[in-house]
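Notes for the structure review
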Amino acid sequence: MDPMALVTQYNLLQNGPPEESKLATYMKRQNNASPQSTLYSTLSKNYSNLDINQSPLSMKKAVDNFQASIPTVDFVPRNLVSSLNNPDGSSMYTKDKSQPIQAYQKNVNGTTYFYPPDTNGTNQSNGNIFDDPSGYLPMPSIESPTSSLYAQDDLRRDLLHRNALSMASPDSDRWPDLPENIEDYHDVYPLDIYGHSSKILSYSTSTYRATYSKTGEKCCLKRIHGFRLTITKYAPLIEAWKKINHANIVQLKDVFITKAFNDSSLMFVFNYHPDSESLQSRHFNSNETLNGYNDPFSSDPNAPRPYSHTKNAILRHQHSNGLLSENTLWNYAIQLSGALRAIHGSGLALRGLCLNRVLVTGHVNTRARLRINCVAITDILLNDMASSNMIGHFQQEDLTDFGKLLLALACRSLIAVHQDNLATSIDLMARSYSSDIRNLIRYLLSSQRRHITELMPMIGARFYTQLDAAQNHSDNLENELSKEMENGRLFRLLVKLGSINERPEFNLDPAWSETGDRYMLKLFRDYLFHQVTEEGRPWLDMSHIVQTLNKLDSGSSDNICLYSRDEKTILVVSYQELKQCLEQSFCEIASVAASDDHIKAE
């Protein structure tokens, strides 16, 4: 090596680069723009002072110096460093305690989470930072001051979305042949994606949402096109299926034949669960349906059939789809086993459990509800009144299909359930899941005689976890319902006040709302909504409105002082008197509204 090069490297190490060089300018700029470098250099310097050969006293002094160089703030995630800077570019996490950290922090079970401020300057948690696929990580949330008065935003959003789906009306140009009524059902709306019908065995099918005229209940209608047989002999079987009312089964309501579509169509009426999707559409890519786990209803001879795949193919599906958490698998296994237990306990068999027949409603990790769909269809379409000894055989097939469904979910691959791949799939599943879930699937796929009740010991204490989650969810819904119940009670009071206050004319008396009890209620309306501060600014206080309405509804004996807007009239009344005025005035309006004599011919 050139001796001059060694001299240059030595000078750079000892004295740094020349001041006029571009390297020195770049390093200076980096030091000024990154105040964290000073912190890192201080830590490195003090860390280098720690020597195992030092005496205990000198070691303690070095440790104290090292700890003193650490800022007195908690750990801040790396992705929040850029957000913890002052407007002038200086760092916020310094030893100066008068400079607070602007990041929002939340302590959950002893762990502190940090969230950057949003664009509006308020601190909000980011649900994507600490997302746990198991769904058991408690996510911190920021509640508004009025959160105790209204339902949760996510629950309200889900309910509004489901209600919108239930109230959607069809496009007459898109479905010109759609009948207005199907027997006792009206407001018919197609549910098939893009209007395409599906296949069950050799029959074409369509799905509709409709309203039952007698009760106003939303129902799901499954239409079997061109069904030319009678269903009289299936009446006992249909009644047996209609009696099954289980939380994880879409209940069968009725079966009938109709001519509304200008043919003989067999209609199955089920409960309607909006915003639901099949397990296959939720957890698998659509292109995977071409091979492997086909719909067992399909009798198309040209349909693609399973074929042997290698271990790498299953691993490729796992990598592309991502593995489900074991908690999710146990959640699905518990719900589906409960549904099969109810079906087998009634002396029936599902006959064809697959991913397409299981509907999932709600979020996959928190409130996922599974429901087995399209019950009783196979029994009628196959036209084979199964004898009692065949029911046991079909129940064994249900358990095998149950094991294949769980294996497909565990491997996140539809080809994993092919007979040639079962052993390989179970071995691959054992790499990511516990031996308990593996033993459960092995038992379901075994050739021995099995019974649905024997699954309970395999589930074990996980059943209590599922039960606890369901009860907590029920308590949460009851709490949200109680909020809406109180809101409904106060809403009725506001409706009465709005119907009385400043009514333009009543019984040909334009001054009715400005006299007597109505004038007192008008002043109360101003006391409730139109108060101002000493500076004349509007005074908005939700607690004042809620507390005042509650006292009015209960008829409290507390007195309040009512002022007119010109402050020339002052009334001291009790809530009990105001309630009497409200009820009496509203009764006058209601009685006249219900009277036919009040209607004048013009």
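Residues numbered from 1 in each chain as written. Predicted model: local features only at pLDDT ≥ 70, side-chain atom pairs only at ≥ 80, totals over all residues. Heavy atoms only, no water.

This brings us to the overall build of the chain. Along its length, the chain carries 18 helices and 14 strands. Counting across all 602 residues of the chain, residues that qualify as buried make up 37%. Excluding contacts between residues fewer than 6 apart, the proportion of contacts in the chain whose partners are at least 24 apart in sequence is 63%. Entry remark: accessible area of the chain is about 35,400 Å², with carbon and sulfur atoms responsible for 51%. (Helix = DSSP H or I, 4+ residues; strand = E, 2+ residues; numbered from the N terminus. Buried < 20%, exposed > 50% of the residue type's maximum accessible area, 1.4 Å probe, protein only. Contact = heavy atoms within 4.5 Å. Areas by Shrake-Rupley, 256 points an atom, 1.4 Å probe, with all protein chains shown as cover.)

Although it is not a glycine, Asn262 adopts a positive phi angle of roughly 65°. The residue Asn262 is located in the loop between strand 8 (252-258) and strand 9 (265-271) in this model. One non-glycine residue, Arg412, lies in the positive phi region at around 50°. Here Arg412 is to be found in the loop between helix 11 (388-411) and helix 12 (422-429).

Relative to strand 9, strand 8 is paired through six bridges, and the arrangement is antiparallel. Bridge assignment links Ile257 to a residue of strand 9, and that residue is Leu266. Between strand 8 and strand 9, which pair antiparallel and follow one another directly, the connecting turn spans six residues, one of which, Asn262, has a positive phi of 65°. (Pairing = 2+ DSSP bridges.)

Turning to its location among the elements, Thr548 is positioned in helix 17 (residues 542-554). In this structure Thr548 comes out as buried when scored by relative accessible area, which is 4%. Non-local contacts of Thr548, meaning those with residues more than four positions away in its chain, are made with Phe524, Tyr527, Leu528 and Tyr575.

Of note, Asn331 is situated in helix 9 (residues 326-345). Judged by its relative accessible area of 10%, Asn331 is buried. Looking at Asn331, its side chain comes within polar contact range of the side chain of Gln466, at 3.0 Å. In contact with Asn331, other than residues within four places in its own chain, are Ala368 and Gln466. (Polar contact = N/O pair within 3.5 Å; in protein donor to acceptor, adjacent residues only side chain to side chain.)

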